[in-house]
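A structural walkthrough
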Amino acid sequence: MSHLLIRYMQKLLREVKIWSSLKHPNVLELHGTIEEPNSPFPLLVSEYMENRTAMDFASRSEANIIEMVMTGSLRQPSAHPFIFFQIFEFSNGLSFIHS
């Protein structure tokens, strides 16, 4: 096994240990890992996330926020409670992970 692959696997194991210990309503639970026959890397198995990935969420939120800034409606949070609630939940989970 190459040195880079060994380092990658060590980092992945560290992430799995950290993620599996996290318990928070805004952080998906890690159920474990599985081996994929066609891949040298294990797959991480978590709960199903209805809104897809964090990157998808961030890109959708960013587009919505940019539109709100451009139209001036961002100054009225009550007009967009769902977006602000999503951003709050996302930020809350991210803050927990990094604490």
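Up top is the structure these notes are about.
Residues numbered from 1 in each chain as written. Predicted model: local features only at pLDDT ≥ 70, side-chain atom pairs only at ≥ 80, totals over all residues. Heavy atoms only, no water.

By secondary structure assignment, the location of His 24 is in the loop between α1 (3-21) and β1 (30-35). Here Asn 26 takes part through its backbone nitrogen, which lies 3.0 Å from a polar atom of the side chain of His 24. Contacts of His 24, omitting those with residues within four sequence positions, involve Asn 92, Gly 93 and Phe 96. (Helix = DSSP H or I, 4+ residues; strand = E, 2+ residues; numbered from the N terminus. Polar contact = N/O pair within 3.5 Å; in protein donor to acceptor, adjacent residues only side chain to side chain. Contact = heavy atoms within 4.5 Å.)

Our focus in this paragraph is the packing of aromatic side chains. By the definition in use, this model includes one aromatic pair. Taking the centre distance of 4.7 Å and the plane angle of 70° together, the rings of Tyr 8 and Phe 41 count as edge-to-face. One end of the pair, Tyr 8, is in helix α1; the other, Phe 41, is in the loop between β1 and β2 (42-46), and 33 residues separate them in sequence. (Phe/Tyr/Trp six-rings, centres within 6.5 Å; stacked < 30°, edge-to-face > 60°.)

For Phe 41, a relative accessible area of 32% corresponds to the partly exposed category. Once the C-alpha coordinates of Phe 41 and Tyr 8 are considered, the two residues, 33 residues apart in sequence, prove to be 9.3 Å apart. Beyond its immediate chain neighbours, meaning those up to four positions away, Phe 41 contacts Leu 5, Tyr 8 and Met 9. (Buried < 20%, exposed > 50% of the residue type's maximum accessible area, 1.4 Å probe, protein only.)

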